[in-house]
Amino acid sequence: MANISIRMEDSLKQQAEELFSDLGMNLTTAITIFVKQSLREQRIPFEITRETLNRETLAALREVEKMKRNPSLGKSYDDVDTMMEDLLK
């Protein structure tokens, strides 16, 4: 068996340990699974993106796409004052 050292922020390590514990494993097992899957697929086994959007943002983006395809789904306003009144209710 080989030992490796990984440096990461304390809070990141703690969050990872909590997640993997809930999934029934420790951090070492999770990293081993990642490496084995990487070797099996000959790539990083997930998509790497620049930023991660939360569920609320993703839902809002999907809603906007629907409204772009079907404008009757959204509200329209003739002036900013009316729009702001509606938003601040």
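Residues numbered from 1 in each chain as written. Predicted model: local features only at pLDDT ≥ 70, side-chain atom pairs only at ≥ 80, totals over all residues. Heavy atoms only, no water.

## Some remarks on the pattern of salt bridges
To keep things clear, this is the line we draw: Salt bridges are identified by distance alone: a Lys or Arg side-chain nitrogen within 4 Å of an Asp or Glu carboxyl oxygen. By definition, any uninterrupted DSSP run of H or I lasting at least four residues is a helix, any uninterrupted run of E lasting at least two residues is a strand, and each is numbered from the N terminus. Each residue is assigned to one of three classes by its accessible area relative to the maximum for its type, calculated with a 1.4 Å probe on protein chains only: buried under 20%, partly exposed between the two thresholds, exposed over 50%.
Taken as a whole and judged by the stated rule, the model has five salt bridges. The shortest N-O distance in the salt bridge between K13 and E17 comes to 3.2 Å. One end of the pair, K13, and the other, E17, are both in helix α1 (residues 10-22), four residues apart, so they sit about a helical turn from each other. According to the relative accessible area criterion, E17 is partly exposed, its value standing at 35%. Taking the shortest distance from any N to any O, the salt bridge between K89 and D86 comes out at 4.0 Å. According to the relative accessible area criterion, K89 is exposed, its value standing at 80%. Look at D86 and you get partly exposed, because its relative accessible area is 22%.

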